Amino acid sequence: MRNQTLSYVAIIVAIIAGIFGIFGGIPGIKTLFFSKPSLKIIGFMPAVVFDPGYNLDSTNPKFSLKGIIKITNPNSYDITIREMKLYGRSTDTSGKYKQGGNKPLVYELNVVGTLDSEEDLIKAYSSAYLKFNFAYFKNTEPPGVMKAPMKGSGSAEKGELVFYIYLPSFNQLFKYNNRRAPYQMVDEVAQGQLIFSAIFNNELLKVNKESLYTLRSFQKNEWENDSHIINMFNAAGELDIKK
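Calculation notes
- Residues numbered from 1 in each chain as written.
- Predicted model: local features only at pLDDT ≥ 70, side-chain atom pairs only at ≥ 80, totals over all residues.
- Heavy atoms only, no water.
- Phe/Tyr/Trp six-rings, centres within 6.5 Å; stacked < 30°, edge-to-face > 60°.
- Helix = DSSP H or I, 4+ residues; strand = E, 2+ residues; numbered from the N terminus.
- Core = buried A, V, L, I, M, F, W, Y, C linked by side-chain atoms within 4.5 Å.
- Buried < 20%, exposed > 50% of the residue type's maximum accessible area, 1.4 Å probe, protein only.
- Contact = heavy atoms within 4.5 Å.
- Pairing = 2+ DSSP bridges.
- Salt bridge = Lys/Arg side-chain N within 4 Å of Asp/Glu carboxyl O.

Caption draft 1: Examining the packing of aromatic side chains more closely. As enumerated under the stated definition, the model contains 13 aromatic pairs in all. Ring centres 6.3 Å apart and planes at 80° place the aromatic pair Phe63 and Phe170 in the edge-to-face group. Taken together, the residues span a long stretch of sequence, with Phe63 in strand S2 (residues 63–73) and Phe170 in helix H3 (residues 170–173) at a distance of 107 residues. With a centroid separation of 6.5 Å and an interplanar angle of 40°, the aromatic rings of Tyr107 and Phe163 are classed as tilted. With Tyr107 in strand S7 (residues 106–115) and Phe163 in strand S11 (residues 162–165), the pair connects residues that are 56 residues apart, well separated along the chain.

Caption draft 2: Spotlight on the nonpolar core. If you look at the biggest cluster of nonpolar residues, it comprises 41 residues, and the most contacted ones within it are Ile69, Ile81, Phe174 and Phe196. Broken down by secondary-structure element, the contributors of at least two residues to this core are strand S1 (40–50), S2, strand S4 (83–91), S7, strand S9 (126–137), S11, H3 and strand S12 (194–200). The element best represented in this core is S9, accounting for 6 residues. Excluding residues within four positions of it along the chain, Ile81 makes contact with Leu39, Ile71, Leu115, Asp120, Ile122, Leu130, Phe132, Ala198, Ile199 and Phe200. Counting residues in hydrophobic clusters, the runner-up holds 10 residues, among them Ala47, Val49, Ile68 and Trp223.

Caption draft 3: Spatial organisation of the pairing of S9. Note that S2 and S9 share 11 bridges and pair antiparallel. Looking at S9, one finds that Ile68 is bridged to Lys131. Bridge analysis of S7 against S9 gives 2 bridges, and the strand direction is antiparallel. Counterpart to Thr114 in the pairing with S9 is Asn133.

Caption draft 4: Molecular detail of the pattern of salt bridges. Using the criterion set out here, one finds 7 salt bridges in the structure. Residue Arg82 is joined to Asp120 by a salt bridge in which the shortest nitrogen-to-oxygen separation is 2.8 Å. With Arg82 in the loop between strand S3 (79–80) and S4 and Asp120 in the loop between S7 and strand S8 (121–122), the pair connects residues that are 38 residues apart, well separated along the chain. Exposure remark for Asp120: the relative accessible area of 14% places this residue in the buried category. Of the charged contacts, one joins Lys175 and Asp187 as a salt bridge, the two residues approaching to 2.8 Å between their closest N and O atoms. Pair noted here: Lys175 is in the loop between H3 and helix H4 (187–190) and Asp187 is in helix H4, with a separation of 12 residues, a long-range link.

Everything listed is a geometric property; what it means functionally is a separate question.
Given below as structure tokens:
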């Protein structure tokens, strides 16, 4: 009986030793099972991409809000990122509608950005540029319009009413102007109240103020030219950092 028990113990020890050997001992197991992947956002450039026939000089141009992000992967394995998110609070830039106390309407945005690149891979010990699409704007609706699905909570009389938005409208993201041409995003973006983030392993990798470039505009054919957009991204980073 004692010999049989010793045999079982020996088998178990051999199995454990084999597992340690496969994964490179304790350091290898720690690396495989307990290391949290770390990524660094080098920069993010939000971009207006116009439909053919429209530009910044057009009245009520049709366009999409997109963006390009550069991410560095310092890990020893490849990583994929397929989604971003734009979330946080903004206010109504048209100024047409108010709530109690003559306060502007408040929006709580939760907008998903889907991959707009053919490649979603960030290889080990390297960097990658990924493009994302956040929303499309027909730019024909009146100021203050809200798209379903959405909900509101709070009290308009007390000036505490908040609208929860998933499909943004023009005046929730861009400063209002007579021709409704999207020259600039709302101040809440620069102030860090409305945030762009990459999504990895169900965690949000925030684009901080130092990594956020100012809004640029492109024609559709320009946006589809990856080398051109990467060059514009790098130039934008140089200009914005020097500011």
